Amino acid sequence: MDKSSGRTRLRWTAVAAIAGLFVAPAHGEGNGNVIDEAELANMVIQDCGSCHGLKLKGGLGPPLLPENIDRLPEDAIAAIIREGVPGTAMPPWKALLTTEEIRWISEQLKSGSLVAPR
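Every value quoted in this text rests on a predicted model; they were computed, and no experiment measured them. (Residues numbered from 1 in each chain as written. Predicted model: local features only at pLDDT ≥ 70, side-chain atom pairs only at ≥ 80, totals over all residues. Heavy atoms only, no water.)

A. Representation of the overall build of the chain in the model. Helices and strands together make up the secondary structure of the chain, namely five helices and zero strands. In the chain, which comprises 118 residues, the proportion classed as buried is 37%. Long-range pairs, those at least 24 residues apart, make up 64% of the contacts in the chain between residues at least 6 apart in sequence. For the chain, the exposed surface amounts to about 6900 Å²; the carbon and sulfur share of it is 58%. (Helix = DSSP H or I, 4+ residues; strand = E, 2+ residues; numbered from the N terminus. Buried < 20%, exposed > 50% of the residue type's maximum accessible area, 1.4 Å probe, protein only. Contact = heavy atoms within 4.5 Å. Areas by Shrake-Rupley, 256 points an atom, 1.4 Å probe, with all protein chains shown as cover.)

Structure follows, in structure tokens:
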């Protein structure tokens, strides 16, 4: 499977997991996969943006702008992404993303580098 079809599968798996249809098996961590930052950035905008707004200003989920998450350390943001938030629409992403990918997303959210210019 090439990288493009793997990311497409990841997106559809994420949609299905969010809809509660199934949870994909976790893919191996430390398997030598290099983080594709452009693909992950696109995933955050498209997949996370479906609840948090395409500009991450909030929607069904809270805003993910640096000023809204500045009180949270990167480890806390990573834990939320990894484990989800019970009782809310925020699903756990640990079955879909590696630890490295979750850490990268957390760093980018905290720094504001994924936020579109206002």
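B. Expanded view of the nonpolar core. Formed by 22 residues in total, the largest nonpolar core has its most connected members in Val44, Leu56, Ile81, Leu97, Ile105, Leu109 and Leu114. Among the secondary structure elements, those contributing two or more residues to this core are helix H2 (37-52), helix H4 (74-83) and helix H5 (99-111). Looking at this core, the element that brings in the most residues is H2, giving five residues. (Core = buried A, V, L, I, M, F, W, Y, C linked by side-chain atoms within 4.5 Å.)

C. Up close: the pattern of salt bridges. This structure, assessed with the given rule, holds two salt bridges. With a closest N to O distance of 3.4 Å, Arg82 and Glu83 form a salt bridge. Note on Arg82: relative accessible area 31%, which makes it partly exposed. Take Glu83: its relative accessible area is 39%, and that puts it in the partly exposed class. Between Glu83 and Lys94 there is a salt bridge; the shortest N-O distance is 2.8 Å. Separated by 11 residues along the polypeptide, Glu83 in helix H4 and Lys94 in the loop between H4 and H5 bring together distant segments of the chain. By relative accessible area, Lys94 is classed as partly exposed at 42%. (Salt bridge = Lys/Arg side-chain N within 4 Å of Asp/Glu carboxyl O.)

D. Geometry of unusual backbone geometry. Located in the positive-phi region is Leu56, a residue other than glycine, with phi close to 60°. With respect to the secondary-structure elements, Leu56 resides in the loop between H2 and helix H3 (66-69).

E. Structural context of the side chain of Gln108. Along the polypeptide, Gln108 turns up in helix H5. Not counting residues up to four positions away in its chain, the partners in contact with Gln108 are Ser113 and Leu114.

F. Local environment of the packing of H4 against H5. Packing of H4 against H5 brings their axes to within 9 Å, and their N-to-C directions diverge by 125°. Overall, the two elements H4 and H5 adopt an arrangement that is oblique. Two packed elements cross with a definite hand, and for H4 against H5 that hand is right-handed. Facing H4, whose interface residues are Glu74, Ile77, Ala78, Ile81 and Arg82, H5 presents Ile102, Ile105, Ser106, Glu107, Leu109 and Lys110. For the contact of H4 with H5, the per-class residue count stands at six nonpolar, one polar and four charged. (Axes fitted to C-alpha atoms, helices over the stretch in contact; angles between N-to-C directions. Parallel < 35°, antiparallel > 145°, perpendicular 65-115°, else oblique. Left-handed = near helix turned anticlockwise from the far one by under 90°. Nonpolar A, V, L, I, M, F, W, Y, C, P; charged D, E, K, R; others polar.)

Bear in mind that shape data such as this cannot, by itself, settle questions of function.
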